[in-house]
Number of protein chains: 2
Amino acid sequence: MRYYVGIDLGGTNIAAGIVNENGELLNNLSVKTNAKRPASEIIDDMAKLCYDVIADMNLSKEDISGVGIGSAGRIHSGVILSAGNLGFINLELEKIFSEKTGFRTAVCNDANAVALAEAKFGAGKGALNLVAVTIGTGIGGGVIIDGKIVEGINGGAGEVGHMIIDPKGNPCHCGNNGCFESHCSATALINSTKKAMENNSDSLLWKYAPTLDDVDGRTVFRAMKDGDESAIQVFEKYTYDFAVALEILVAVLQPDVICIGGGMSKEGATLINPIVEKLKANPFCSSPYSVIEVKAAELGNGAGIIGAAYFCMQKDAI
Amino acid sequence: MRYYVGIDLGGTNIAAGIVNENGELLNNLSVKTNAKRPASEIIDDMAKLCYDVIADMNLSKEDISGVGIGSAGRIHSGVILSAGNLGFINLELEKIFSEKTGFRTAVCNDANAVALAEAKFGAGKGALNLVAVTIGTGIGGGVIIDGKIVEGINGGAGEVGHMIIDPKGNPCHCGNNGCFESHCSATALINSTKKAMENNSDSLLWKYAPTLDDVDGRTVFRAMKDGDESAIQVFEKYTYDFAVALEILVAVLQPDVICIGGGMSKEGATLINPIVEKLKANPFCSSPYSVIEVKAAELGNGAGIIGAAYFCMQKDAI
């Protein structure tokens, strides 16, 4: 059995673990990133964490076939071209980490790592073509074609959150109007929940969020279960917009699987079934030749680590 | 030098030619398809045409390394799952043609063949990732990732014409509202030109199209050159919508090149520059990391034949 280290480098935490060749995550340690420090310090901490997860499993350096790092930012061929939160520009992380530690190293984007993990070991289970959509504060994503990450020129592929789904839609922080993210992120759902509450003081939404500050991504789901009309309307619009975004992905890529992750995907069928119903009602997608599986992500928080490790594993196989 | 036969099987014509390994189309013959005949008759005619183009170049069967066929329809792994215009369902064309003629045969979708040809020998010239957008009566397309056609599950990938670019937009014949095709095909441009003419009897559009039936895809371009305000407005909206569609493709795939083909691409910079300006003004695409080339297709009508032949060539290389 071969073992890899996967590292998930985010703006808040660095998480790492040992991943075996079956994609099983065997342990999981993390430290604070303390972003905006010099890159060398962050790399030092990543190396230390890497040795820690190896020791934690009573393995030695020689047992490790390679290290995969999934990092925030635009990444192409192992170079972090830019990573806003981390403050990196043109950082040759793959080369630097490999030289520093002696490990074979492979670096990819963190959202792409999640997509790769779900395609290989999670919701896709070997699917060659998969699009991952991760719903959080924003919407991230990753495109897997032929079993491999599509990085795109300059590492920007998979930014599905910034597909325009309605040119007259909600303003997005990127400067556009009507991005998928500005309609369907958890933030967007919270905003439309608040708006519905302001417009209807009798709504049961108020039962689950006594003040507007109490609204979170689950508020709508709770009030819907009580049959609250305002909540149902918010959710109808939300899932309608979501289905438009998925229709676009189907038209362009017809992936085997579209995988929906992030905190909200824990709502499972309550979230996904209405989206799928609307997608299947779409005339273009209702063709018998457009059978796409839309599934909740299966690997949870470890997906980034697993995907990073598998990215390195894949390079071994070539 | 290796030689291949490329065949472009459309609803109206079957065109074929000899293509050498540099992607040069050496001759080009065609016959009527007479669609809706039994598949066997169409296949007989394709085989005959194939022998004709070989003889036309004074080559013999032994000189041919393989035959590539680009056909209308949804095609996956050499099988035509469905092809509306041709009336085929689940036709194993690759197998049948190969058994009939003895040639190594490879079958792909015709729009995908065009994309492949442009990526390898045309506007892309070796680009690994390219999206082709072909503007005609409708909008076709093809997605090339890592130098290869993305067929998608069930052969439906690259249907960029059916990306929804405005959920409240023009009705599309597919049943959706606001498909890229229903806003930016030549048909859509003609329809909005007619509407502008109906709304403005003084427009110079009437100079180039004395009756509404005279309107074609060039009418707007001609009146624009005269500074006609109605034409300019039609074109502004047209290129705005076009840029929205390209923004989506950039967000999802960040391809090296987006290639625009079809009759209207003959307008060249007059068509493409305003689209690129709007795309670059888009906040998400104005990042220095989103440099995408948008180029007119270069291979013209022969692209389908060249791409089909190259599809077969690629299979040889594996």
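A short tour of the structure in this document, coming up. Bear in mind the structure is a predicted one, so any value in this text is a computation, not a measurement.

1. What to know about the relation of the copies chain B and chain A
Rotating chain B by 180° about the axis while translating it 0.0 Å along that axis superimposes it on chain A, leaving an RMSD of 0.0 Å. Taken together, the rotation angle and the small translation identify this as a two-fold axis. Residue Asp 166 of chain B of chain B places its C-alpha closer to the rotation axis than any other residue of that unit, at 2.6 Å.

2. Observations concerning the pairing of strand 4 (residues 64–71) of chain A
The side chains of a regular strand alternate between the sheet's two faces. All names here are of chain A. Most of strand 4 sits inside the fold, with seven of its eight residues counted as buried. Pairing geometry for strand 1 (residues 3–9) and strand 4, over seven bridges, is parallel. Bridging from a neighbouring strand, Gly 6 pairs with Gly 68 of strand 4. Where strand 4 and strand 8 (residues 105–109) come together, five bridges link them in parallel fashion. Considered in strand 8, the bridge of Gly 70 is made with Cys 108.

3. Thoughts on helix 8 (residues 229–253) of chain A
Residues and elements named next belong to chain A. In a regular helix each residue adds 1.5 Å, so 25 residues correspond to 36 Å; helix 8 covers 36 Å between its end C-alpha atoms and thus fits that length. Summarising burial for helix 8: 19 of the 25 residues are buried, a large majority. Positive phi appears at Gln 254, one or two residues downstream of helix 8, with a value of about 40°.

4. Observations concerning the sheet that holds strand 6 (residues 79–83) of chain A
All names here are of chain A. Strand order in the open sheet formed by three strands is 5-6-7, and the pairing between neighbours is antiparallel. Bordering the open sheet on either side are strand 5 (74–76) and strand 7 (88–91), each of which pairs with just one other strand. Looking at each pair of strands side by side, their axes are set apart by 15° on average, direction ignored.

Cut-offs used in this document
- Sequence order sets the numbering: in each chain, residues are counted from 1 along the sequence as written.
- In the order they appear in the text, chains get letters beginning with A and ligands get numbers beginning with 1.
- Local features in a predicted model are, by the rule used here, given only for residues with pLDDT of at least 70; side-chain atom pairs are given and counted only at 80 or more, and totals for whole chains, interfaces and linings are based on all residues.
- For side-chain calculations, the full set of non-hydrogen atoms in the structure is used, while hydrogens and water are omitted.
- Superposition of the copies was done by least squares, using only C-alpha atoms of residues whose pLDDT is at least 70 in both.
- Remark: exposure states derive from per-residue accessible area (1.4 Å probe, protein chains only) relative to the maximum for the residue type, with buried under 20%, exposed over 50%, and partly exposed in between.
- Here a strand is any run of E in DSSP of at least two residues, a helix any run of H or I of at least four, and the numbering for each starts at the N terminus.
- The pairing criterion for strands is at least two bridges between them, as found by DSSP.
- Expected helix span is taken as 1.5 Å per residue step, with the number of steps being one fewer than the number of residues.
- Simply put, an axis is a line fit to the C-alpha atoms, just over the touching stretch for a helix, and the angle between two N-to-C directions goes from 0 to 180 degrees.

Purely geometric stuff here, so don't read any function into it on its own.
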